[in-house]
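# Overview (structure and organization)
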Amino acid sequence: QVRVAESGGGLVQAGGSLRLSCAASGSDFDLYIMLWYRQTPGNQRELIADITSTGEKKYAASVEGRFTISRDNAKKTVYLEMNSLKPEDTAVYYCSSKRGGAVFWGQGTQVTVSS
């Protein structure tokens, strides 16, 4: 298994930037697909970005062009660089690792964007 833990959340003003980190532990980190989700009260968890072991990236339309996902296999860390933040980006952000049928989740980190 590859356990994950998010960090880097906080309060920022609209138009600002923030970088979230997801520190992983365990074996075969480089074989896992890494993903970022976010969730607001009353809504389902939304997939916003993912990156495969070969570096292929996908983004939700709501963050395309503003967010960038990346991974550093040597450090077993995944990042989510968030730019041009909007109040609508306010949510709890979760990191996830997937390999085959195995899925692991972090505890989440709060991101609040003020207007």
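Above: the structure in question.
## Focus: the sheet that holds strand β8 (residues 77-82)
If you walk across this open sheet you meet the 4 strands as β1-β3-β8-β7, and the pairing is antiparallel. Two strands close off the open sheet at either side, each with one partner strand: β1 (2-7) and β7 (67-72). Between one strand axis and the next, the sheet turns by 20° as a mean value, whatever way the strands run. Pairing analysis gives 6 bridges linking β1 to strand β3 (residues 18-26), with the strands arranged antiparallel. Along β3, the bridge assignment pairs A5 with A23.

## What about unusual backbone geometry?
Not every positive phi belongs to a glycine, and K76 is a case in point at roughly 50°. With a relative accessible area of 32%, K76 lands in the partly exposed category. Phi is positive for S84, close to 50°, though the residue is something other than glycine. Mapped onto the elements, S84 comes out in the loop between β8 and β9 (91-99).

## So, the pattern of salt bridges
Considering all chains together, one arrives at 4 salt bridges under this definition. R38 is the partner of E46 in a salt bridge, and the nearest nitrogen-oxygen pair spans 3.2 Å. Classification of E46 by relative accessible area gives partly exposed; the value is 31%. The buried category is assigned to R38, whose relative accessible area is 8%. A salt bridge links D89 to R38; the nearest nitrogen and oxygen atoms lie 2.9 Å apart. Of this pair, D89 sits in the loop between β8 and β9 while R38 sits in strand β4 (residues 33-39), and the two are 51 residues apart along the sequence. Considered together, D89 and R38 belong to a single accessibility category, that of buried residues. One network of salt bridges, in which partners are shared, links R38, E46, R66 and D89.

The rules we used
- Residues numbered from 1 in each chain as written.
- Predicted model: local features only at pLDDT ≥ 70, side-chain atom pairs only at ≥ 80, totals over all residues.
- Heavy atoms only, no water.
- Pairing = 2+ DSSP bridges.
- Helix = DSSP H or I, 4+ residues; strand = E, 2+ residues; numbered from the N terminus.
- Axes fitted to C-alpha atoms, helices over the stretch in contact; angles between N-to-C directions.
- Buried < 20%, exposed > 50% of the residue type's maximum accessible area, 1.4 Å probe, protein only.
- Salt bridge = Lys/Arg side-chain N within 4 Å of Asp/Glu carboxyl O.

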